Amino acid sequence: MAEPGWRGMRAWWRRRPLARAFFWGMLAAAALPPVHLLPVLLLSVPALLRLTDSARHWRQAALTGWCYGFGLGLAGLYWITEPVLTEARDFWWLVPFAAPLLAAAVACYTVVPVLAARLVPMGLGRVLVFAGAWALANLGQQFLFTGFPWNYWGTDWAIPGRLGDVFLQPAALVSVYGLTMMTVLLAATPLFGGRGLAALVIGLGVWAGYGEARLRTPAPMTPLRLALIQPNVPEPPDFSRPALIASWEQLLRMSQAGIAEGAQVVIWPEAASPWLLANDPVAREQLAAALGTVPVIAGGLRMASQTDFRNSIIVTSGPEPPLAVYDKWKLVPFGEYMPRWIPVKIIPSALGSGFKPGPGPETIANIPGLPPFGPIICYESIFSGQILDEARRPDWIVNVTDDAWFGDTAGPRQHVANARLRAVEEGLPLVRVANSGISAVIDPFGRVMVSMPLDHQGVLVAPLPAPQPATFYARQGLRLPAGLAALLLAAGLGLGLRRRPRLPRG
């Protein structure tokens, strides 16, 4: 007979470790942007490690890790349903499955650190193994199955304002992966009682001290003034000719307004141009008639051949052929192309068979009046250590995007958090121009200098911050966090072999 009331509920809860893992994973999502409730990790991470310790065998431990990751992914990636809803006429059947399927796939990466933690007894060794394996699993997530390096715990620290500015600074040394490892280590400190609390306070103090010291570095502005155009065109787009003409005229008017405010370069968001600027001399003549020879960095589609369409950045100045073209090389699976190993076509009908990828990161130089810049389009901004041609290091980063597909949800805000981290990691200013927002000028320390909010139409004119010297991470690349993660893993295994005393499970 079931026990009544609160006592019965507690007994039921204790008998369901997988439900508890799912709950703790969902709670951990509250630490992600835009909520940034990081203290929940002080409950969630120790709870996962205790559940790992109490699992009867490795299969239950693996399922525990997966349930935790599924809860984390489901709560953190719920917004992925929004673009499916915009194409609901064709993909109505996918609406209830989009977020759960993505969360289920991403949850597989959480199994890795949980099983690794089982190799050593509960204690410091297990925490080190868990932190190192967690970061290595995140690295795998960046490369395996097209890659999806989203919602790492290092992005939790991209809190709007001064507090986030301070705590993002170690990314210049160790990247988002290093921040994630530090976060895991600090989140596990409650397992160690009073000593753990002391370690937490000291760790946060050292972290904040480094951030404050780094933010004292001078961050001058250049004389170059930028016009960020945020047209706020709804998605899905209207491809009727009257709508395309109206969109074009709006872009020209907004660009003229930016130039009237003193802008020396105009930047349009991803796929903003309704015409194929690289292929259309009439459109370029109209652009030159409205803006003269002011350089325009325009997001737009490009037709390389009758069957080869690219998502591109086209740089124009006057009616002549484009000065430079960059093709997006990290395409969004299921949105811009279909992976070959998926037998079902699930991309918006307007894209036909999908886009072809470009060759990789580039630096666009030799544009009159502009310092060299590294172009990135939308989704590419989440790939730490892979966004720039480091052999031809640019002076700034231009990130054009269209987050209108994701509505007023956590998705666009999480995207901005990633952009701030890329600026800190590379030591370069990042100019983010989004169709529906959030558009922003971000300095090399990840500080948002000016911005336009979501669902707002406007022109933002602002100076370009000056670059900083290449950071330690920019010089070392992804081998640095990979090496640090492997070192933590080895150190934890070494401590585990010494059979350190186990902590109470209470």
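Scroll up to find the structure this text is about.
Residues numbered from 1 in each chain as written. Predicted model: local features only at pLDDT ≥ 70, side-chain atom pairs only at ≥ 80, totals over all residues. Heavy atoms only, no water.

Digging into the overall build of the protein
Quick note on the threshold: The numbering of helices and of strands both runs from the N terminus, where a helix is a DSSP run of H or I of at least 4 residues and a strand a run of E of at least 2. Values of the radius of gyration come from C-alpha atoms, whereas the globule rule sets the reference at 2.2 Å times the count of residues to the power 0.38. Only protein chains enter the calculation, and the probe is 1.4 Å; a residue is then buried if its accessible area is under 20% of its type maximum, exposed if over 50%, and partly exposed in between. Working rule for contacts: check all heavy atoms of both residues, and any pair within 4.5 Å makes them a contact.
Within the protein, the regular secondary structure consists of 16 helices and eleven strands. Taken over the C-alpha trace, the protein has a radius of gyration of 24 Å; the compact-globule value for 506 residues is 23 Å, and the two agree within 12%. Expressed along its principal axes, the backbone C-alpha trace of the protein runs to roughly 80 × 55 × 40 Å. Expressed as a percentage of its 506 residues, the buried residues of the protein come to 57%. Within the protein, counting contacts between residues at least 6 apart in sequence, those at least 24 apart form 71% of the total.

Section: the nonpolar core
Threshold: Definition used in this section: a nonpolar core is a set of buried Ala, Val, Leu, Ile, Met, Phe, Trp, Tyr and Cys residues joined via side-chain atoms within 4.5 Å.
In terms of nonpolar packing, the biggest core is built from 41 residues, with L226, I267, I297, V315, F373, W396 and V431 touching the most fellow members. Beyond its immediate chain neighbours, meaning those up to four positions away, F373 contacts I297, V315, E362, T363, I364, P394, W396 and V398. Formed by 37 residues, the second largest nonpolar core is a distinct cluster that contains W24, A55, A61 and W134.

Brief notes about helix 14 (residues 410–426)
Condition: By this rule the span expected of a helix is its residue count minus one, scaled by 1.5 Å. A 3.5 Å cut-off defines polar contacts: any pair of N or O atoms within that distance qualifies, except that in protein one atom must be a possible hydrogen donor and the other a possible acceptor, and neighbouring residues in sequence count only when both atoms are side-chain atoms.
In this model, helix 14 (17 residues) spans 25 Å end to end at C-alpha, consistent with the 24 Å of a helix rising 1.5 Å per residue. The element helix 14 is largely enclosed, with a buried count of 16 among its 17 residues. Capping the start of helix 14 is the job of one residue whose side-chain oxygen sits 3.2 Å from the backbone nitrogen of G411: T409. Looking one or two residues beyond helix 14, the residue adopting positive phi is G427, at roughly 70°.

Here's the deal with the environment of L85
Summarising the element assignment, L85 is placed in helix 5 (residues 81–86). Taking relative accessible area as the criterion, L85 reaches 43% and is therefore assigned partly exposed. On a C-alpha basis, the gap between L85 and V95 in space is 6.6 Å, while along the polypeptide they are ten residues apart.

Concerning the packing of helix 3 (residues 41–54) against helix 8 (residues 124–143)
In plain terms, the rule: Interaxial angle, 0 to 180 degrees, is taken between N-to-C directions of lines fitted to C-alpha atoms, where a helix line uses only the stretch in contact. Any angle that falls under 35 degrees is termed roughly parallel, while one over 145 is termed roughly antiparallel, one within 65 to 115 roughly perpendicular, and all others oblique. Polar here means any residue other than Ala, Val, Leu, Ile, Met, Phe, Trp, Tyr, Cys and Pro, which are nonpolar, and Asp, Glu, Lys and Arg, which are charged; Gly is therefore polar.
One can describe the packing of helix 3 onto helix 8 by two numbers: an axis separation of 12 Å at closest approach and a directional angle of 110°. Judged by the inter-axis angle, helix 3 sits roughly perpendicular to helix 8. On the side of helix 3, the interface is formed by V45, L48, L49, T52 and D53, while helix 8 contributes R126, V127, F130 and W134. Grouping the amino acids of the contact of helix 3 with helix 8 by side-chain chemistry returns six nonpolar, one polar and two charged.

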